[in-house]
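Coordinates in review
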Amino acid sequence: MQFVRFIVIGSLLSGCSFLNHHQDVRPGVSGTHTIILNTDDRTSGYHEAKPQADYFCHKQHKVTYILSEEYRYTGSMSESDYLALKTVARVARDVGGAVWGLSKDEKSEDAGLVAATSGAIADDAIGPGYTYTVKFQCQ
């Protein structure tokens, strides 16, 4: 079972290296470009969009200038319900993963794996609730 843990953890970590450099950039003829992302919260959009914008501008030997940013809740349930469900799902995923990774007996290991998997599935099923839009120029 220890071998399986290393495979799972290694797969998760290696997934970070396969970033698509500027897949979400929508070039504009006027020189103002847009990135629109679906995000889980009101903070993660910038961290995903900024490197894409930087890469897009860098390919033109220019610098990125952010013109505007907007987060908008677009979920199908109330925003407070969405945030509560996301929190519960992430706590289950994270605590379950910690129990699974640190357990010394098989029962605890199984319980941790079930909690981590259930939390991850629930988090994915709830989906992203926000739309992040950033407009930028390369100068």
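Residues numbered from 1 in each chain as written. Predicted model: local features only at pLDDT ≥ 70, side-chain atom pairs only at ≥ 80, totals over all residues. Heavy atoms only, no water.

Spanning 24 residues, helix 3 (residues 79–102) covers 34 Å between terminal C-alpha atoms, matching the ideal 34 Å at 1.5 Å per step. Along helix 3, the residues that are buried comprise Tyr-82, Lys-86, Ala-89, Gly-96 and Trp-100. (Helix = DSSP H or I, 4+ residues; strand = E, 2+ residues; numbered from the N terminus. Expected span 1.5 Å × (residues − 1). Buried < 20%, exposed > 50% of the residue type's maximum accessible area, 1.4 Å probe, protein only.)

Taken together, the four strands give an open sheet; going across it, the order is 1-2-4-3, and neighbouring strands pair in antiparallel fashion. A single partner strand is all that each edge strand has here, and the edge strands are strand 1 (25–26) and strand 3 (64–73). As paired strands, strand 3 and strand 4 (residues 130–138) are joined by nine bridges and run antiparallel to one another. Among the inter-strand pairings, Ser-68 is bridged to a residue of strand 4, identified as Lys-135. In the packing of helix 2 (residues 44–58) onto the sheet, the strands contacted are strand 1, strand 2 (32–39), strand 3 and strand 4, and the crossing angle to strand 4 comes to about 25°. Contacts from helix 3 reach strand 2, strand 3 and strand 4, with the element oriented near 95° to strand 4. (Pairing = 2+ DSSP bridges. Contact = heavy atoms within 4.5 Å. Axes fitted to C-alpha atoms, helices over the stretch in contact; angles between N-to-C directions.)

This paragraph deals with helix 2. Given a rise of 1.5 Å per residue, 15 residues ought to cover 21 Å, and the 22 Å separating the end C-alpha atoms of helix 2 matches this to within 8%. Along helix 2, the residues classified as buried are Gly-45, Ala-49, Gln-52, Ala-53, Phe-56 and Cys-57.

For the rest of this paragraph, the subject is the packing of helix 3 against helix 4 (residues 106–126). Contact pair helix 3 / helix 4: the axes reach a minimum separation of 7 Å and the direction vectors enclose 150°. Put simply, helix 3 runs roughly antiparallel to helix 4. As helix 3 runs across helix 4, the sense of the crossing is left-handed. Along its contact with helix 3, which presents Tyr-82, Leu-85, Lys-86, Ala-89, Arg-90, Ala-92, Arg-93, Gly-96, Gly-97, Val-99 and Trp-100, the element helix 4 presents Ser-108, Glu-109, Gly-112, Leu-113, Ala-115, Ala-116, Gly-119, Ala-120, Ala-122, Asp-123 and Ile-126. (Parallel < 35°, antiparallel > 145°, perpendicular 65-115°, else oblique. Left-handed = near helix turned anticlockwise from the far one by under 90°.)

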